[in-house]
Amino acid sequence: MPAAPASGVHHFFGKRAKYPRFKSKKKSRKSAEYTTSGFRFRDGSLTLAKMREPLDIVWHRPLPEGAKPSTVTVSQDAAGRWYVSLLCDDASVKPLPATGSAVGVDVGLDHLLTLSTGEKIANPRHEREDRARLALAQRRLAKKAKGDGANRAKARRKVAKVHARIADRRRDGLHKLTTRLVRENQTIVIEDLTVRNMVKNRKLARAISDAAWSEFRNMLEYKAAWYGRDVIAVDRFFPSSKLCSHCGTLQEKMPLHVRTWTCDCGTTHDRDVNAAKNLLAAGLAVSACGAGVRPQRSSPGGQSAVKQETSRREPRSPRL
Ligand SMILES: [Zn+2]
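Note that the structure is a prediction, hence the values are computed from the model and not measured. (Residues numbered from 1 in each chain as written. Predicted model: local features only at pLDDT ≥ 70, side-chain atom pairs only at ≥ 80, totals over all residues. Heavy atoms only, no water.)

S.K.: Explain the coordination of the zinc ion here, please?
M.R.: Distances from the zinc ion to its protein donors, Cys244 (SG), Cys247 (SG), Cys263 (SG) and Cys265 (SG), fall within 2.3 to 2.4 Å. Between the four donor atoms coordinating the zinc ion, the angles at the centre fall across 107 to 113°, so the site counts as tetrahedral. (Donors = N, O, S within 2.8 Å, 3.2 Å for Na, K, Ca; no water. Tetrahedral: all angles 85-135°; square planar, octahedral: opposite > 155°, others 65-115°.)

Here it is in structure tokens:
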């Protein structure tokens, strides 16, 4: 039995049934799994075995239409909050009607993301302040002596809470964005960034982790698979920043501090919008002829270079 969490969210849970018993207290995230006989899911409400009423769930995001969960996982994070996540089969999700539009997405320093349409998506508000708060909480935790159990546990919980808040805000924003991109576009072209490649530039590495690029990509890919859209990842060595998207001339150098530039052809470019346009063009060329820049396609209908899972776990779907 874990210690009672600091927040009050557990009360309703406690009223209806005992807490699930967790196998390990050491793991940062404790969880219990229920298979189909252990729960009932009807009209969007979830009732676990031995409970009379459905759980009072705050949905983190809706399930895709028609989705039927096959496994329910109840867990508690380090900040003491309860979560339910639902595992659903791909087959129960209906694709959206096809659309002709396509978009390129560039990840940047000034903005979280830039679209080939010229739209810029800012980093989440408050993240800077939250980071300062996180640093403070971490310093306080570091000062607590190892032997001082209660105070140290309290400091550790504080750190976990700030972490959780940063992640929650970021995730909310990414969910809204990826849902919109997938609804509006048939094809979404992204850059195949890897963290390894970014470590060379520490500032960029920080920005990449802040922006949670991998979380963005992951959401984009499973939502695209749900709704019959394509995500094309263009090789990270593609010179998207140095290429004029208007005339195709390759610039010799494009230092990071250059935000706008004018090509010899007379076109003035915003660095990030130009890169997003180039990614889009490269991705569409790949999808048309199937060669060139080593794409990784994520589409539900076969022809996939990446092995697709038959079912997908919803990352921390609804929250208790
Ligand atoms: Zn040009």
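S.K.: When you look at helix H2 (residues 127-143) in this model, what are you seeing that I'm missing?
M.R.: Residues that lie three or four places apart on an α-helix share one face, since the helix turns once every 3.6 residues. In a regular helix each residue adds 1.5 Å, so 17 residues correspond to 24 Å; H2 covers 24 Å between its end C-alpha atoms and thus fits that length. If you check which residues of H2 are buried, you get Glu127, Asp130, Leu134, Ala137 and Leu141. Taken down its axis, H2 places every buried residue within 80° of arc, on the same side. For H2, exposure combined with an orientation more than 90 degrees from the buried face picks out Arg128, Arg139, Arg140, Ala142 and Lys143. (Helix = DSSP H or I, 4+ residues; strand = E, 2+ residues; numbered from the N terminus. Expected span 1.5 Å × (residues − 1). Buried < 20%, exposed > 50% of the residue type's maximum accessible area, 1.4 Å probe, protein only. Arc of directions from axis to C-beta.)

S.K.: Just checking my understanding: could you explain the nonpolar core for this structure?
M.R.: Ranked by internal contacts, the top residues of the largest apolar core, which has 24 residues, are Val105, Leu113, Leu181, Ile188, Ile190, Phe216 and Leu220. Residue assignment for this core shows that the elements contributing at least two residues are strand S6 (102-107), strand S7 (113-115), helix H3 (149-184), strand S9 (187-191), helix H6 (213-227) and strand S10 (230-234). Top element by residues in this core is H6. It accounts for eight residues. If sequence neighbours within four positions are ignored, valine 105 has contacts with Leu113, Thr114, Leu115, Leu181, Ile188, Val189, Ile190, Glu191, Phe216 and Leu279. Ile57, Trp82, Val84 and Cys88 belong to the second-largest nonpolar core, a separate cluster that totals 16 residues. (Core = buried A, V, L, I, M, F, W, Y, C linked by side-chain atoms within 4.5 Å. Contact = heavy atoms within 4.5 Å.)

S.K.: Could you clarify how one ought to interpret a positive patch on the surface in this entry?
M.R.: A cluster of basic residues, Arg139, Arg140, Lys143, Lys144, Lys154, Arg157, Lys158 and Lys161, forms a positive patch on the protein surface. At the level of elements, H2 and H3 are the ones that each hand at least two residues to the positive patch. Per-element tally for the positive patch: the top contributor is H3, with four residues. Structurally, lysine 161 is set in helix H3. For lysine 161, a relative accessible area of 41% puts it in the partly exposed group. (Patch = residues over 30% accessible without salt bridge, like charges linked within 9 Å, V, L, I, M, F, W, Y side chains within 5 Å. Areas by Shrake-Rupley, 256 points an atom, 1.4 Å probe, with all protein chains shown as cover. Salt bridge = Lys/Arg side-chain N within 4 Å of Asp/Glu carboxyl O. Lys, Arg positive; Asp, Glu negative; His and termini not counted. Charge placed at Lys NZ, Arg CZ, Asp CG, Glu CD.)

S.K.: I tried to follow the environment of arginine 42 on my own but got confused; where do I start?
M.R.: Following the sequence through the fold, arginine 42 ends up in strand S2 (residues 39-42). Along the chain, arginine 42 and lysine 68 lie 26 residues apart, while their C-alpha atoms are 9.4 Å from each other.

S.K.: Honestly, the pattern of salt bridges in this entry has me stumped. Any pointers?
M.R.: Should their charged atoms come close, side chains of opposite charge can pair. Counted by the stated rule, this structure contains 14 salt bridges. With a closest N to O distance of 3.1 Å, glutamate 221 and arginine 217 form a salt bridge. Linking glutamate 221 with arginine 217, this pair stays in helix H6, spanning four residues, or about one helical turn. Its relative accessible area of 13% is what places arginine 217 among the buried residues. Sharing partners across several salt bridges, the network here consists of Asp77, Arg81, Asp168, Arg170, Arg171 and Glu215.

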